[in-house]
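Examination of the molecular architecture
Spelled out from the first residue to the last, the chains are:
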Amino acid sequence: ERMYFPFDDSYMYIIQVYSNVEGEELTFKYYDSVDNEVVEYTESLTFENYMVVGDGFDTYGLSRVGMSAPDEYSLNDAYPNPFNPSTELSFSIMDAGKITLNIYDMTGRLVNTLVDGHLEKGYHSVIWDGIDSKGNAVSSGMYIYALQGESLSITKKMMLMK
């Protein structure tokens, strides 16, 4: 949840993060749909068991670094991967146009279409919940996700583990 503080024209986000990997690096970013940009922060934390960082009176500040519209097409790794029950597929589009994002099984059979239409340039993401185009849950296994456009074809793999 975002809270606005008019006294200094700032926002505060209250987040709670869980991890079970001691020493894992935590980084912070979010997508600003109003300005169509991904906002990254320069700070990072190293996860330690039972750590508490900041509170309502002594907050942990982050320095905003905005990323302008993308200058290339990209398809990020599915997160999480392996996944159960859902995963996020994020990508960047450098020129507006017709884009598809399809899911295929390892035999090349189309499982589901997550995006099929005109997209503006910028950063986009969709969630795949392991459901095929008929509304049925798919089985565990490896799947291919493919981002395609007029001058674009990028594929990657992901694993559903039930």
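The following refers to the structure shown.

**Quick notes on the sheet that holds strand E8 (residues 97-105)**
Ordered by their spatial adjacency, four strands build an open sheet running E9-E8-E11-E12, and the pairing between neighbours is antiparallel. A strand with exactly one partner marks an edge of an open sheet, and here the two such strands are strand E9 (110-119) and strand E12 (152-160). Across this sheet, the average inter-strand angle for adjacent strands is 15°, counted without regard to direction. Taken together, the six bridges between E8 and strand E11 (residues 141-149) define a ladder with antiparallel strand orientation. Residue pairing for E11: Ile103 is matched across the bridge by Tyr145.

**Some details on the environment of Gly54**
Among the structural elements, Gly54 can be located in the loop between strand E4 (37-46) and strand E5 (64-67). Gly54 gets classed as partly exposed once you look at its relative accessible area, which sits at 34%.

**Observations regarding the pattern of salt bridges**
Counted according to the given criterion, the structure contains three salt bridges. Lys156 is the partner of Asp77 in a salt bridge, and the nearest nitrogen-oxygen pair spans 2.9 Å. Of this pair, Asp77 sits in the loop between strand E6 (74-75) and strand E7 (87-93) while Lys156 sits in strand E12, placing them 79 residues apart in sequence. Assessed through its relative accessible area of 54%, Asp77 is described here as exposed. With relative accessibility at 25%, the residue Lys156 sits in the partly exposed group.

**Digging into the packing of aromatic side chains**
The tally for this structure, following the rule as stated, stands at two aromatic pairs. Seen from their ring centres, Trp128 and Tyr143 are 5.5 Å apart, and the 70° between their planes marks the pair as edge-to-face. Taken together, the positions of Trp128 in strand E10 (residues 122-128) and Tyr143 in strand E11 put the pair 15 residues apart, joining distant regions of the chain. Per residue, the accessibility class of Trp128 equals that of Tyr143, and both read buried. Three or more aromatic residues link up through ring pairs in this structure, and these residues are Phe83, Trp128 and Tyr143.

Rules used throughout
- Residues numbered from 1 in each chain as written.
- Predicted model: local features only at pLDDT ≥ 70, side-chain atom pairs only at ≥ 80, totals over all residues.
- Heavy atoms only, no water.
- Pairing = 2+ DSSP bridges.
- Helix = DSSP H or I, 4+ residues; strand = E, 2+ residues; numbered from the N terminus.
- Axes fitted to C-alpha atoms, helices over the stretch in contact; angles between N-to-C directions.
- Buried < 20%, exposed > 50% of the residue type's maximum accessible area, 1.4 Å probe, protein only.
- Salt bridge = Lys/Arg side-chain N within 4 Å of Asp/Glu carboxyl O.
- Phe/Tyr/Trp six-rings, centres within 6.5 Å; stacked < 30°, edge-to-face > 60°.

The values are spatial; any link to function lies outside them.
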